[in-house]
Amino acid sequence: MLIPHWILYGWFALAALSTAYVAWDNFVRKNPEETVMKWGWVLITLYMGPVALALYVLADKEPAPGQHEEFIKPLWKQGVGSTVHCIAGDATGIIIAAAVTAALGLPMWIDFIVEYAAGFAFGLFIFQSLFMKDMLGGSYLGAVKATFVPEWLSMNMMAAGMFPTMALLMMGRDMRAMEPTEPLFWAVMSLGVIVGFTTAYPVNVWMVARNMKHGLMTARPVAEPGKHADADERDGSAHDREHATATAAAAEHGEQGGGHSQDGGSGGHGDTGHRMRWDVTRPQVAVVALLTVLALVFGIILPAQKVNLTLSADDVGGAIMPPGMIMTRDTPGEAMRDMSAIDPELVSYTAAADARGDQTLEPRLENGVKLFELETSVISWNILADEQVQAYAFNRQVPGPRISVTEGDRLRIQVRNDLPESTTVHWHGLVLPNAMDGPAEITQEPIQPGDSYTYEFTAGQAGTYFYHSHDHPDRQQAFGLYGALIVEPRDPARDRSYDYDEDVVIQLQEWLEREGYTYPAMLMEGGLPNFFTINGKAYPDTEPIRMRVGQRLRVRFIGSNNNFVHPMHVHGGPFEIVETDGNPVPENARLLKDTINVGPGERWDVIWTARRPGKWLLHCHIPHHTTNDNVEEEGAGGLTTIIDVRE
Ligand SMILES: [Cu+2]
């Protein structure tokens, strides 16, 4: 599931408004609450948004002046207060640690350790101890000791909910969630805190009930004798004044959460000994501690079974995965990056909706050498009038421009790489010096982003060839880095035996496009294509072939696609196969076929005679490949074109 940014920003806006309200109600309207709790509520509302706002209003916001003491008595509200108090510190530590570890590029499993330590430290040393020390007798060390175990139990349960939420979402389909610069990261943190709050709540209720932890308290400003309580303008201020004394009294014994402790039998809340007396036995604490540790362990084991926790934001941060890709705990980061979508923000050029690829590239002549310039870049390309893909393109077109030369020509081809990743170009089918052949890391260093490489060779063979990326071709060629390379014979007699009137190149391709993101189509779970193109367009936007009865058509099929063998079938009479992979077929060996299996990398040159007038289909015979995302438009789709024959 990819969550649109407007939903994320909507959530952040709600969280901001909720936080503003809670802050205003606490500090301006002076909800009669301990200062530490006021800050706790503000932080927790920042993280949990409207969820915290609801909890605040239902559990802690004084419904009418003077009612706070009574209002907060129920145990469930005390539990909420205790959880807020704990999570505010823990979550702050975890979120800061998560942002720092992500920025440092540390693996997820180290993130968890750092986050646990930071969350616990923040919760214990700052939120519990520092803020609570006055209530706990004034000694900071004493406060640390008194709150250590309750804080630890609560932290375990919080992490038991928050860690798996973070791991499964951060390393899910949309790994922008691993980047603190992305809004999704903060949304995942927000959800993680909500889940962590939920899992930490039960143990907090238990601890409040057993007098191990404070819940909610009422704290009212002590009215100075002889002076009216401050001129509060709001309704019921008279009520406030009436309760000024009660307030002070409440503050005195405020140390023990709310009302329940009164009947909780916890004796030691006298004026001096401000330490809470736990209403539990050691074995009881021990078994609850055991359960929280188990919950935490499961909270880490669970995601570790599902996602690869050895990966970091540096490895896969920002990657958006195809919806059906199977990612397991041992899927390498490189595999994920390879199958991830093109980041639409990298698009540097948007081609016109009706732009066509395979435009003939004119060379410059330099001392008898034909100089061609190719430049790779990320573009937006229409495969249909209403369907755009992000593509890797040569010279801003899909397929790349046609390089058309004559047998024996000396070629110099400058390739400039403007992709976000390295690339190379392979001249498919040509015999040339090994250093000019193109396979990345085998015959050459890949061309880094911003760099160039010059290929120079003589086109020694006539026929139908093509060029394509040979650096991660499973990704780059699938994204559109291919183009036709046609070498005309120096001796025109070579193909006189199969005269033709029209000459058409058909380059096949498969695409995977969903929700506006383009993934490299692959024969892998989650990578199967849902769009198919001839020369960069799907039917009905493929270019029809216009002929007259009696004319002969030469079709040069190029298997520029990556995955399927496409049985290309023609209506209205068979093809005659005249060349295969650039090699002429002897006249006495030329097969007649109406269906030719065009596999990846293959070229088939065929002659088709227009025998009768009408609209004759030329299409792949895997019916799914003649649909657009499983939809047939105007009778077909995808790998379909029409040979329109007139009298
Ligand atoms: Cu097909």
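Up top you'll find the structure we're talking about.
These lines cover the structure that appears in this document, whether it is placed above or below. (Residues numbered from 1 in each chain as written. Predicted model: local features only at pLDDT ≥ 70, side-chain atom pairs only at ≥ 80, totals over all residues.)

## Observations regarding unusual backbone geometry
Next up, step 1: Here the residue pair V398 and P399 is connected by a cis peptide bond, since its omega of -5 degrees sits within 30 degrees of zero.
Next up, step 2: With respect to the secondary-structure elements, P399 resides in the loop between β4 (387-394) and β5 (400-406).
Next up, step 3: Cis geometry marks the peptide bond from Y539 to P540; its omega dihedral reads 10 degrees.
Next up, step 4: By the secondary structure assignment, P540 is in the loop between β13 (531-534) and β14 (545-548).
Next up, step 5: The backbone of H472 sits at a positive phi, close to 50 degrees, despite the residue not being glycine.
Next up, step 6: Counting through the fold element by element, H472 comes out in the loop between β9 (463-469) and α15 (473-476).
Next up, step 7: At D629, a position not held by glycine, the phi torsion is positive, near 50 degrees.
Next up, step 8: With respect to the helices and strands, D629 occurs in the loop between β22 (614-620) and β23 (640-646). (Helix = DSSP H or I, 4+ residues; strand = E, 2+ residues; numbered from the N terminus.)

## Quick look at the nonpolar core
Next up, step 1: Counting 159 residues, the largest nonpolar core has I44, I87, M170, V188, V193 and L485 as its most contacted members.
Next up, step 2: For this core, the element with the most residues is helix α8 (residues 183-209), which contributes 15 residues.
Next up, step 3: Lining this core are residues from two domains, each supplying at least three of them: domain 1 (5-219 + 254-316) and domain 2 (350-646).
Next up, step 4: For M170, the residues in contact, after removing those within four places along its chain, are M175, A177, M178 and V188. (Core = buried A, V, L, I, M, F, W, Y, C linked by C-beta atoms within 7 Å. Buried ≥ 20, exposed ≤ 12 C-beta atoms within 10 Å, placed from the backbone. Domains from an automatic or database assignment. Contact = placed C-beta atoms within 7 Å.)

## Side note on the sheet that holds strand β16 (residues 566-570)
Next up, step 1: Pairing is mixed across the open sheet formed by five strands, whose spatial order is β14-β23-β22-β16-β20. Single-partner strands in this sheet number two, and they are β14 and β20 (595-598). Strand-to-strand, the axes of this sheet are offset by a mean angle of 20 degrees, without reference to chain direction.
Next up, step 2: As paired elements, β14 and β23 share four bridges and run parallel to each other. When the sheet's bridge partners are listed, M547 is paired in β23 with V645. (Pairing = 2+ DSSP bridges. Axes fitted to C-alpha atoms, helices over the stretch in contact; angles between N-to-C directions.)

By themselves, these observations are geometric and do not establish any function.
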